[in-house]
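An overview of the molecular structure
The residues making up each chain are set out below.
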Amino acid sequence: MIRVEQLRKSFGTLEVLKGITVEIRKGEVVSIIGPSGCGKSTFLRCLNLLEQPTAGSIHVDGVDILDRRAEVARLRQRMNMVFQSFNLFSHLSVVANLTLGPIRLKGMEPKAAREKAIELLRLVGLAEKADSYPDELSGGQKQRVAIARCLAMEPEVILFDEPTSALDPTMVREVLSVIRRLAKEGMTMVIVTHEMDFARDVSSRVLYFDQGVIHEEGTPDQIFDHPQRDRTRAFIHRIRSLTRRFASPDFDLYALNAEVEAFCEKQILSRPVRDNLLLLIEESLQLCRPFLAVGGLEMTLSHSETTDRTELVWTAPGVRLNPLDGEDLEDALSLNLVRNLCASADHEWVDGVNRLKLVLKTGSES
Amino acid sequence: MRLDPPQRFPWGILLGLAVLVLGAGCRGRTKGVETVSDAAEARIGVMTGSIGESIARNRFPKAKVQAFDDVMDAVTAIKSGQLEAVVLAFPAGFQITKRNADLVVLGEPLDNEETAAALRMEDMALLAEVNRVIASLRKDGTLEAMHRRWFKSDLSPYEVPPIPAAANGVPLRIGVSATREPLTFVDDKGEVSGHDGELARRIGQALGRPVEFSNMKFMALIPALQSGKVDLIVTGMNATEERRRSVAFSDPYFANAQVMLVRKVEGTRQQSMKAFPELGSRPNAAAARRSSTLESLDGKAIGVLSGSAGDLAARKRFKNSRFDAMLSAADAAVALQSRKIDALVYDQSVLENLVVRNPDLVVLDAPVAQLEIAGALRKDNTALIQEVDRVMADLEREQVFQQLRGTWIDSKYTVVPEMPPAPTDGDQGVLRLGTSPDMEPYSFVSNGKIVGLDIELAGILARRLHRRLEVVAMNFEGLIPSLQAGKIDIALSNFNVTEERKKLIAYSRPYIVTAIRALVRREGGASEPAAAGGGSLERYRRGRIGTLLGSAHSTWVSKNLPEATLLEFSSPSDISLAVKAGKVDVALSDSSPLRELMRQDPSFTLIGDPLFGYPVAAGVRKDSTELRTQFNAFLAGLRTQGIYDQMVERWIRKGDFVMPDLPESGTNRVLKVGMTDGGMPFVGVQDGKLVGFEIELVRRFAASVGRRPEFSNMDFAALIPAVVSGKVDLIVASIYVTDERRKQIDFTDPYHEETTQAYALKESTATGSATGTAAARVERKPFLERVQESFRSNVLHERRYLLLWDGLKTTVLISLGAALFGTLLGALVCWMRMARNALLSGMAKVFIALLRGTPVLVVLMMIFYVVFASVDIHPVLVAMLAFGLNFAAYAAEIFRSAIEGIDRGQSEAGIAMGFTRFQTFRFILLPQTLERILPVYKGECISLVKMTSIVGYIAVQDLTKASDIIRSRTFDAFFPLVMVAILYFLIAWVLLQLLGWIERQAGRRRRPRKEARA
């Protein structure tokens, strides 16, 4: 349905897209993942010509849309877009946001348009907000209205540009579930997202963008569980873990806590789990004090959604020293707490590096 | 970042302002120079190599003398506070003070230099001829007349008499440095003019040779003369000893004083030199001519000093008068001021001294008699008579008399001149001088000493006679008896030579030839004094005087009552209102409308007699010769047919303001006439129509030349610009034909003579006028009744509501037109401003900066008088254009900020949905923009409506102008102004409602505005 060949886009001297070739077929759900600044959004905006590509070609149903004669506005009606910042028309009520396009562009009767709009709002669960105004809605509601507004134009493809990035974690799910539903109904979609699990669930195909090109593409399983290329692998790992290095005993505990909390939110960990994790980190840091004095302590925190396993690993180079063995009075409390919080706690010394691996207890186990 | 010139520009101005402010601050710190001695340690500017430089260096050794190459540089320096004084020649200094009111020439000259023509040493034949010419010019009074014409204290144009040049003959090559107004300068025709320019021409004429001027730098003149490039230098060159070594000088043609130019210091003993030393001293001559004539004095009370020549001359001349013998001239002046007498007949020089001390007095131009002043001696004292005559003859030859006259009479000194000490011993005994020391400047007491011209002369006489001088003071009447009794040897006491006295005493040679003249009060003189009730305008010398902006009245006041505060108004009605409200003390007006004003409102009263008069004529553009000729022919015809007399009778004499039915010309050729509704009988408004003498005149004229008159009612000050720029063909507004105006426009033949009179509020004039206040108390009526009456006279009477209605329509029309045009243009400018194209956005930026930074009044006038000067465009359109332009600049910025306030995402969403750019703007941006701009836009619209009240400047009759017209008829300030204020408020209110409705429509579906805060 959409065939993109050697698409390039530069902003001034900065080349953002360096030759993208991809085909999107009808009924496919394509997720685009990758580090920020790799051109994911730009690629999406090129597809409906919000950005004019510098070179390459885009064919939609065999029509070259970069041709001067192409009716871009008409083309866009078939390929609507959902934005990160919702972009609802703030002067119009929710229902009017939905009916503006159909009435003005498709010549629909206002009454029919309104009926259809209400139907779509019901679909996204917001029928009762029909006569509200955008600034009376929460972020998740706004984005659902935006999706409904997209659907009102009956597009063949919907482009999602990071639809949940501007949302509070609690609102992410309501938006994602609407998109999941659309996917089930067979809507063709291109989704730029940072929600990896969502991408894995919903996509028929995943494109990993890096450095302005499609670095790797494949089924979700291929990309997430068996990435073939190093950069892909590193990326997948990085988004699932939090790594931090401590150079001296005078580190910023609050900044660390904030980062851990952000990680938890991203991984959608429950509040008790998060609190336990924070406690575990603080207490195990006590145990690792000797390493801190020497310097070069590193913390890696990772979580797997599939196994629901949260792992905390401390590594420090130096002589063999097992903090779990420390039976002196001062750390006894910390040690007990750590042992209580962990499902398992292991220490190993490999190649002159101490490695302390702690696995957090989950709610079911306690 | 790119800086656009228009953005940078205001910083330059700001910087300039800052410098000015700093400069002003510095200026404030320097101390002013009040007398010449104050300059001892001052910073003094001089011209490099000038006499002034050597004077300054010698006389003020402690001063910091700075030499400048150009006078103007020195003037700039003194004005900016870098100098305290500048020493320069009087004519230059005088000229500078004319144009710089903050500078003044100190009254005490530093030195007197003789100015003469320079010739080559060997050119003895020419020297003799030039001397002969100068002598004859001096003798026939031409030189004096020239002084008077060229060295005058105001900026009015010079009178230049035609001097026919000899057609053939060897050209007389004159070297000049023509940057020395008023001596030599290049006039507007590009010819060398000025006092010396004229003198050169006169010399050429007398010698029968054409004159050829070579204009060069002053320093180059003498080399040019020596090398034979020029024959003669006539350019105010001082005959210094130094120069005499290289060139020959003719006899001097005037004494050129070196003077000190300083900054004016208010309220100090600073004395200024206002007139050229040799100017003669008749600054008030012009006023005197109008005050009264000599003939009218016959039958009045005339003061004389009994036994003086003036006494005799007056008795001879005014047979029907009553004569009051005064003891001294000063007494007579007091008597004159207190109206005990109407004139004082006495020696001109004494009278002129009195005038200096009493500016409300004036010397009549025509002399009562000529007389000579001589010393009186005892008849039988032949030896002394002969001796005195011999010395007198010597003195005359040595020009001592002339010097004395210069020192005591012509200089109009402010500090009594120093006198050389009289000889206190002598081998020939004593010379007893009898004098009556009450006649300044001849003989008077200053600092306890008897001084004066007579006394100084007596000292000189005594020295030459080798005698000791003994001064005996006595009454004038006692002098002759004392002489006869041998108590005194000689009487020098301003003794006029009369036949009667010759019988009693012997006279020496006359030492002063002078005139007997009459001194009168400045106006009033012989005619109707206090009867008018108001007294004299002199009372308001320091008061607030109201005049019409741009009128001859303003000029007159600034010239004749320099101490008064001049308040200029743009319409006569404003003036009378100001008088009534006590904003001004007295006002000047044309006499005819004034009569009408006083008929309408008895609370006014005339002050004094008519001040001056001028012929009144219509003005046309300089190149409209045809129109002028037509008008003159028409006027002549009107006079011969007697219609003119009828018109004068109807409008001016009887004042029954009825417009006759006049034939209308059927053609469409329009005669555009500019006028001011100065009030009846010339121009007024009745039943919404223009009427009046001038209107009838113009209508008749237009009909006679087959044109349809179209009147534009404008401010008086705008009339001349309008006719010059071709906006109108003809202007009539009781315009005085003055020389100044003649420079800009041509006048038709005059159709009227109008005089100017002062008037004031009755209560404020006479002292203790109980009747005035009583009348005022009687006038108080209940408020409602007064409002009713006002409503009747201001609205109903003469159907004045028509005027208001028309004005209202015009105001609304202009406001709507300007708002519409401005909004559309503003949208365009906003689009340009936001365009990605640098040229478009740059142009828009410049447009916005210019229009927002210029007063709309200036824009309005520029568009009317400059841009569309030669285009026939309706002023209402011009107003719409001007206000629209201004509005657009503001609207563009309002729009831009509103559009930029909407986040880009919405328009992207629209575009992504499939809307075109325009549709996105139309359906998504525009509705939100409207919502955002309306609150600000409403305010802008209302200020636009109020702003339009200035369109009167370009002859549009809007609401404000309508109220002006009504006020000009009813002389009621309160009601028309309040009414117009209410009408403006109503327009604004309706507009607010309308825009409010639009606002509600735009946000119709909104809940109460919560979003506005977001």
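Please read all numbers here as calculations on a predicted model, not as lab measurements.

Conventions and cut-offs
Residues numbered from 1 in each chain as written. Chains lettered and ligands numbered in written order. Predicted model: local features only at pLDDT ≥ 70, side-chain atom pairs only at ≥ 80, totals over all residues. Heavy atoms only, no water. Helix = DSSP H or I, 4+ residues; strand = E, 2+ residues; numbered from the N terminus. Buried < 20%, exposed > 50% of the residue type's maximum accessible area, 1.4 Å probe, protein only. Contact = heavy atoms within 4.5 Å. Areas by Shrake-Rupley, 256 points an atom, 1.4 Å probe, with all protein chains shown as cover. Buried area = accessible area lost by both parts, 1.4 Å probe. Salt bridge = Lys/Arg side-chain N within 4 Å of Asp/Glu carboxyl O. Polar contact = N/O pair within 3.5 Å; in protein donor to acceptor, adjacent residues only side chain to side chain. Core = buried A, V, L, I, M, F, W, Y, C linked by side-chain atoms within 4.5 Å. pLDDT = per-residue confidence, 0-100. Pairing = 2+ DSSP bridges. Axes fitted to C-alpha atoms, helices over the stretch in contact; angles between N-to-C directions. Expected span 1.5 Å × (residues − 1). Bend = angle between axes of the 7 residues up to and from the residue. Phe/Tyr/Trp six-rings, centres within 6.5 Å; stacked < 30°, edge-to-face > 60°. Lys NZ or Arg CZ within 6 Å of the ring centre and 35° of its normal. Parallel < 35°, antiparallel > 145°, perpendicular 65-115°, else oblique. Left-handed = near helix turned anticlockwise from the far one by under 90°. Nonpolar A, V, L, I, M, F, W, Y, C, P; charged D, E, K, R; others polar. Right-handed = clockwise from strand over helix to strand, strands pointing away.

With that settled, the discussion passes to the overall build of chain A. Check the secondary structure of chain A and you find 13 helices and 15 strands. For chain A, the proportion of its 366 residues judged to be buried stands at 55%. Expressed as a percentage of contacts within chain A between residues at least 6 apart in sequence, the contacts between residues at least 24 apart total 65%. With an accessible surface of roughly 16900 Å², chain A has 48% of that area assigned to carbon and sulfur atoms.

Check the secondary structure of chain B and you find 37 helices and 38 strands. Looking at chain B as a whole, 53% of its 1014 residues are labelled buried. Residue pairs at least 24 apart in sequence account for 74% of intrachain contacts in chain B once pairs closer than 6 positions are excluded. For chain B, the exposed area adds up to about 46300 Å²; of that, 56% sits on carbon and sulfur atoms.

Our focus in this paragraph is the interface of chain A and chain B. Each partner contributes to the interface: chain A provides 26 residues, whereas chain B provides 23 residues. Summing the contributions of chain A and of chain B, the shared interface buries around 2100 Å²; its carbon and sulfur component is 59%. Of all residues in chain A, the largest losses of buried area upon contact with chain B belong to Phe 89, His 91 and Tyr 133 of chain A, amounting jointly to 27% of the total for that side. At the boundary of chain A and chain B, one finds one salt bridge. With its nearest N and O atoms 2.4 Å apart, the salt bridge here joins Arg 45 of chain A to Glu 908 of chain B. Our count for the chain A to chain B interface comes out at six residue pairs in polar contact (both at pLDDT 80 or more). Secondary-structure elements contributing two or more residues to the side of chain A that touches chain B are helix 2 (72-77), strand 6 (79-82) and helix 3 (94-106) of chain A. At five residues, helix 3 of chain A tops the list of elements feeding residues into the side of chain A that touches chain B.

Looking now at the nonpolar core. All names here are of chain B. Formed by 139 residues in total, the largest nonpolar core has its most connected members in Leu 537, Phe 693, Leu 730, Tyr 751, Leu 804, Phe 847 and Phe 883. Residues within four places of Tyr 751 in sequence aside, it is in contact with Val 616, Ala 617, Ala 618, Phe 631, Leu 635, Arg 639, Tyr 644, Phe 693, Glu 694, Leu 697, Val 732 and Ser 734. With 82 residues, the next largest nonpolar core counts Met 326, Leu 354, Val 388 and Leu 457 among its residues.

Time to look at the confidence of the model for chain B. All names here are of chain B. Looking at chain B, pLDDT values average 77 and 86% of them are 70 or higher. Averaged over each element, pLDDT in chain B is lowest for helix 10 (residues 285-291) (38) and highest for helix 31 (residues 838-852) (93). Low pLDDT, under 50, characterises residues 524-534; the stretch is placed with 22 contacts to residues that sit more than four places away or in other chains. As scored by the predictor, the complex reaches a pTM of 0.48 and an ipTM of 0.77.

All names here are of chain B. Ordered in space as 11-7-12-6-13, the five strands form an open sheet in which the pairing is mixed. The sheet is open, and its two borders are formed by strand 11 (211-215) and strand 13 (248-249), each paired with just one other strand. Most of the contacts of helix 7 (residues 195-207) go to strand 11, to which it runs at about 150 degrees, and overall it touches strand 7 (172-176), strand 11 and strand 12 (232-233).

Attention shifts here to the sheet that holds strand 5 (residues 63-64) of chain A. All names here are of chain A. Sheet architecture is open: four strands sit in the order 2-1-4-5, paired in antiparallel fashion. A single partner strand is all that each edge strand has here, and the edge strands are strand 2 (14-24) and strand 5. As paired strands, strand 1 (residues 2-11) and strand 4 (residues 55-60) are joined by five bridges and run antiparallel to one another. Note that in strand 4 the partner of Val 4 across the bridge is Ile 58. Helix 1 (residues 40-47) rests against strand 1, strand 2 and strand 4 of the sheet, and its axis sits at about 120 degrees to strand 1.

Before going further, it helps to examine the pattern of salt bridges. Under the counting rule described, the total for this entry stands at 50 salt bridges over all chains. One salt bridge connects Glu 71 of chain A with Arg 74 of chain A, and the closest N-O pair in it is separated by 3.7 Å. Here the two residues Glu 71 of chain A and Arg 74 of chain A agree in accessibility, since each one is exposed. With a shortest N-O distance of 2.8 Å, Glu 396 of chain B and Arg 509 of chain B are connected by a salt bridge. Taken as a pair, Glu 396 of chain B in helix 14 (residues 382-397) and Arg 509 of chain B in strand 26 (residues 506-521) lie far apart in primary sequence, 113 residues in all. The class for Glu 396 of chain B is partly exposed, based on a relative accessible area of 40%. Counted as one network, the salt bridges with shared partners bring together Arg 120, Glu 122, Asp 123, Arg 173, Arg 209 and Asp 231 of chain B.

The first and last C-alpha atoms of helix 3 of chain A sit 19 Å apart over 13 residues, in line with the 18 Å expected at 1.5 Å per residue. Roughly 30 degrees is the biggest bend found in helix 3 of chain A, and it falls at Leu 100 of chain A, with proline Pro 102 of chain A one to four residues downstream. Counting buried positions along helix 3 of chain A yields ten of 13 residues, so the element is predominantly enclosed. Every buried residue belonging to helix 3 of chain A is among Val 94, Val 95, Ala 96, Asn 97, Leu 98, Thr 99, Leu 100, Gly 101, Pro 102 and Leu 105 of chain A, and all of these are buried. The inward-facing, buried residues of helix 3 of chain A abut helix 2, helix 4 (110-123) and helix 5 (139-152) of chain A together with helix 34 (904-913) and helix 35 (917-947) of chain B. Two residues or fewer after helix 3 of chain A comes Gly 107 of chain A, characterised by a positive phi angle close to 65 degrees.

Where a strand is regular, its side chains alternate between the two sheet faces. All names here are of chain B. With 13 of 16 residues buried, strand 26 lies mostly within the body of the structure. Relative to strand 26, strand 17 (residues 343-347) is paired through five bridges, and the arrangement is antiparallel. Bridge pairing in strand 26 links Leu 344 to Leu 519. In this structure, strand 18 (residues 361-363) lies alongside strand 26, joined through three bridges in antiparallel fashion. The residue of strand 26 that forms the bridge with Val 362 is Val 520. Two elements, strand 19 (residues 369-377) and strand 26, share eight bridges in a ladder whose sense is antiparallel.

Inspection of the entire model under this criterion finds 17 aromatic pairs over all chains. In textbook terms, an aromatic cluster arises when at least three aromatic residues are bridged by ring pairs, as seen for Phe 631, Phe 634, Tyr 644, Phe 682, Phe 693, Phe 701 and Tyr 751 of chain B. A cation over a ring is seen here: Arg 149 of chain A above Phe 89 of chain A, with NZ or CZ 4.4 Å from the ring centre. The ring centre of Tyr 644 of chain B lies 4.2 Å from the NZ or CZ of Arg 639 of chain B, which sits over that ring.

This part covers unusual backbone geometry. Residue and element names in this part refer to chain A. Phi at Phe 86 takes a positive value of approximately 65 degrees, unusual for a residue other than glycine. For Phe 86, the location among the structural elements is in the loop between strand 6 and helix 3. Notably, Gln 211 is not glycine yet its phi reads approximately 55 degrees, a positive angle.

Attention now goes to the environment of Ser 493 of chain B. All names here are of chain B. When you line up the elements, Ser 493 lands in the loop between strand 25 (490-491) and helix 18 (499-504). Its relative accessible area of 0% is what places Ser 493 among the buried residues. Ser 493 sits 57 residues away from Ser 436 along the chain, and the two C-alpha atoms are 5.9 Å apart. With near-sequence residues (within four places) excluded, Ser 493 lies in contact with Gly 434, Thr 435, Ser 436, Met 439, Asp 454, Phe 476, Leu 479 and Tyr 511. At 3.5 Å, the side chain of Ser 493 forms a polar contact with the side chain of Thr 435.

The next subject is the packing of helix 23 (residues 643-654) of chain B against helix 24 (residues 693-704) of chain B. All names here are of chain B. At a minimum axis distance of 10 Å, the contact between helix 23 and helix 24 shows a crossing angle of 155 degrees. One element, helix 23, and the other, helix 24, form an angle in the roughly antiparallel class. Where helix 23 crosses over helix 24, the two elements pack in a sense that is right-handed. Residue-level inspection shows Ile 643, Tyr 644, Met 647, Val 648, Arg 650, Trp 651 and Ile 652 of helix 23 in contact with helix 24, the latter providing Phe 693, Glu 696, Leu 697 and Arg 700. Each residue belonging to the contact of helix 23 with helix 24 can be placed in one class, and the counts come to eight nonpolar, no polar and three charged.

Next up on the list: the pairing of strand 28 (residues 565-569) of chain B. Residue and element names in this part refer to chain B. Bridge analysis of strand 27 (residues 544-548) against strand 28 gives five bridges, and the strand direction is parallel. Its bridge partner being in strand 28, Ile 545 is matched across the sheet by Leu 566. Between strand 27 and its parallel partner strand 28, the chain crosses via helix 19 (residues 552-560), and the hand of that crossover is right-handed.

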